[in-house]
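# Commentary on secondary and tertiary structure
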Amino acid sequence: LRIACAAALLALAWGADLPDDEACPGPACDGAAELSMLQSRAGKVAAANAGGSDAAARRAASMSRFLEQLWAKGLCDNGPGDLRGGECAAENCQRCLGSGAQLVFDPAADSTTCKYNRPVYGAPTLFCGEAFSDNRGKAAAKEKCQCCRGQDAWLWFDNSAADGIGYTYCQKN
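Read on for an overview of the structure. (Residues numbered from 1 in each chain as written. Predicted model: local features only at pLDDT ≥ 70, side-chain atom pairs only at ≥ 80, totals over all residues. Heavy atoms only, no water.)

### Description of the sheet that holds strand 1 (residues 79-80)
The three strands are arranged 1-3-2 in an open sheet whose pairing can be described as antiparallel. Lying at the two open borders of the sheet, with one neighbouring strand each, are strand 1 and strand 2 (102-106). Where strand 2 meets strand 3 (residues 111-115), five bridges bridge the pair, whose relative direction is antiparallel. Bridging across to strand 3, Leu103 finds its partner in Cys114. (Pairing = 2+ DSSP bridges. Helix = DSSP H or I, 4+ residues; strand = E, 2+ residues; numbered from the N terminus.)

### A few points about the state of the cysteines
According to the stated counting rule, one finds five disulfides in the structure shown. The disulfide partner of Cys76 is Cys96, and the S-S distance across this bridge is 1.9 Å. On the S-S bond that ties Cys76 to Cys96, the torsion sits near -80°, and the link is left-handed. In this pair, Cys76 is assigned in the loop between helix 3 (54-72) and strand 1 and Cys96 in helix 4 (residues 89-97), connecting sequence segments 20 residues apart. Taking the relative accessible area as the measure of exposure, Cys76 reaches 18% and is therefore buried. With relative accessibility at 3%, the residue Cys96 sits in the buried group. A disulfide bridge connects Cys128 with Cys148, and the sulfur atoms are separated by 2.1 Å. With the S-S bond torsion at -80°, the cross-link from Cys128 to Cys148 turns out left-handed. Within this pair, whereas Cys128 is found in the loop between strand 3 and helix 5 (139-149), its partner Cys148 is found in helix 5, the two being separated by 20 residues in sequence. Overall, Cys148 belongs to the buried group, its relative accessible area being 10%. Numbered by order of appearance in the sequence, the disulfide-linked cysteines of the protein chain pair as 1-4, 2-8, 3-5, 6-9, 7-10. (Disulfide = S-S within 2.5 Å. Buried < 20%, exposed > 50% of the residue type's maximum accessible area, 1.4 Å probe, protein only.)

Everything listed is a geometric property; what it means functionally is a separate question.
Dropping the structure here:
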């Protein structure tokens, strides 16, 4: 798993294009400490293997650190009823907790919760129109954001996020 995460970070460090959409655990999520340790190790491996490209290694480490902090907020859209069948429900859960996250329905409580699982190798890390760039002008990103978070959702760009790399968030009212 460490190799998979390192490979993904190395791809970023060497200038690979990020998918237009990608997105983990908050206090209610299982495995938050495990994720933090994994991301920390992956960032160190990527930095060590980046060779002569210190700037690219710093960029990859900043992106990894930023996603770790974002996911730690656990901004999941959990709720009453069985939400697993929603058009973008799985993607929205992954926006919150990463590529391995899954929606779990508890019939006794009649509620759905996004649960953390280890990331899926090779899967995107950004979802719902979010990106390490200004994605606000992209119609497809706006559609994904609204599919995930509702018709009132919008894309918001913070150019100071991720150590100045910038990040587009999918926000909802």
